[in-house]
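# Report on the structure
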Amino acid sequence: MSAPPRTARASWHGKANAVVLTYLAASAVAAIVHATGHGSLWLVVHLFLLGAVTNAIVIWTVHFTATLLQAPASAPHTASRRLVALNLGVLGVLVGVTTDNSVPTVAGAALVAGVIATHVRALVRTVGIRRNSRFANAVRFYWAAAVALVVGIAAGIALTFHLSPDWHSRLYSSHVHLNLFGWVALTVLGTEFTLWPMVLHTRIVDGVERAARRALLLCTTGLALTVAGLLAAARPLTAAVLTLYAAGVCCCLDPFVRTARQRLPRSPAAWMLAAGTGWLAVGVALDLAAVLRSGDPIELAHHIEGVVPWLLAGFAAQTLLGALTYLLPVVLGGGPVGGRRLAAVLDRLGTTRTLALNLGVVLLALPVRAFAVTIGWTLIAAAFTSFVALAVVAVTGAATDARHRKRDLLPTPDQARARRQP
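Residues numbered from 1 in each chain as written. Predicted model: local features only at pLDDT ≥ 70, side-chain atom pairs only at ≥ 80, totals over all residues. Heavy atoms only, no water.

### Notes on the environment of W310
- Among the secondary structure elements, W310 is positioned in helix 10 (residues 297-332).
- Of the residues examined, W310 reaches a relative accessible area of 4% and is grouped as buried.
- Put simply, W310 and L364 are 54 residues apart on the chain and 5.6 Å apart in space, counted from C-alpha to C-alpha.
- With near-sequence residues (within four places) excluded, W310 lies in contact with W279, V282, G283, L286, F315, V361, L364 and A365. (Helix = DSSP H or I, 4+ residues; strand = E, 2+ residues; numbered from the N terminus. Buried < 20%, exposed > 50% of the residue type's maximum accessible area, 1.4 Å probe, protein only. Contact = heavy atoms within 4.5 Å.)

Written out as structure tokens, the structure reads:
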């Protein structure tokens, strides 16, 4: 007798999210090495963003699309092949850049782009089946995010070639905006329309569908025109259209805040999601300020380079940890009792972890001495490490429980003989 679909799906999620946890652990190690002055910030950023975050987005956007639209999800073997190809591409980029070899870098980046294109095609097909769903617009955020990543990958490949400082700065700024405000932020904003009420255990507020529709139009238009302005080095245009993106974020914040007013955040997952969303708003505001006060593309790229570490930690990392804190028990728990047991494991040290992570982000964001920046990186790495350790315990426990449930479903030898008898 085969395992029931729910058990098989939980088993797949356990294995797939183990990849995310591995990248998180590697990011923590790289952050500590970087804090000592010996490691590469590029490696920290890409282990986390290209490794942990991209894997998590590919895994969970399929889950949310199928759940929200009540459509069948991809078969586990199809999803597994996609993840294998994705991580071969990620490893190619990581190895190629760290060894200064353009061949694996370009090949790996092209493979990642191909996987994302295949991924978004599956999402488009699913929405086509359920186009009249009230949550179709939320899922369309994932389409725009995937397009942003593919274009961002192209900009990243271009950065590996010898360019003038001016054009290198233009492409770098575009690369960051497409990946951070496109791939990550659009995915998060689209997901939080439904994830945030679930985390708070409250109802979805009125007007979410309208807010999602407006936010999607403003964010995608604003991001596309912002990238065009960055490439053209047209500062007034870039500032003007970046306000469109900011307005789209505000459209998303309206139902977010109204939902929180219905039921205040109480769990570590909710605190991290709230703080992560707050850091995104701060990042967009400071990005607009940097565009306004920068005199040329090189100066703007310098400002953006200073923002990336703390925005990545405060927004992307904190949102990922908060989402996984809530979602892993849901998909791995095997039911309400198991889910509560796993949630209790992941909630351990939740308040301390949230405070440590945000204090680390503050130390990275403020103009402080080098030793304070080292403390900031150490706090962020400690938050990662504690979460990964607890998540490993939770995933391992869930796998053991799943094996026990599967064994309990199998017939005993006497039952099997009785069934074979006429």
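On we go from here.
### Quick word on the nonpolar core
- L24, F48, W60, F141, Y245, F315 and L320 are the most contacted members of the largest nonpolar core, which has 139 residues in total.
- Of the residues forming this core, the biggest block, 20 residues, is contributed by helix 10.
- In contact with L320, other than residues within four places in its own chain, are V20, L24, F48, A52, V53 and A56. (Core = buried A, V, L, I, M, F, W, Y, C linked by side-chain atoms within 4.5 Å.)

### Considerations on the side chain of N137
- Here N137 is to be found in helix 5 (residues 136-159).
- Under the relative-accessibility criterion, N137 is labelled buried at 18%.
- In this structure the side chain of N137 is engaged in a polar contact, spanning 3.1 Å, whose partner is the side chain of R140. (Polar contact = N/O pair within 3.5 Å; in protein donor to acceptor, adjacent residues only side chain to side chain.)

### Observations concerning the environment of A66
- Residue placement: A66 occurs in helix 2 (residues 41-69).
- Between the alpha carbons of A66 and R235 there is a distance of 41 Å; along the sequence they are 169 residues apart.

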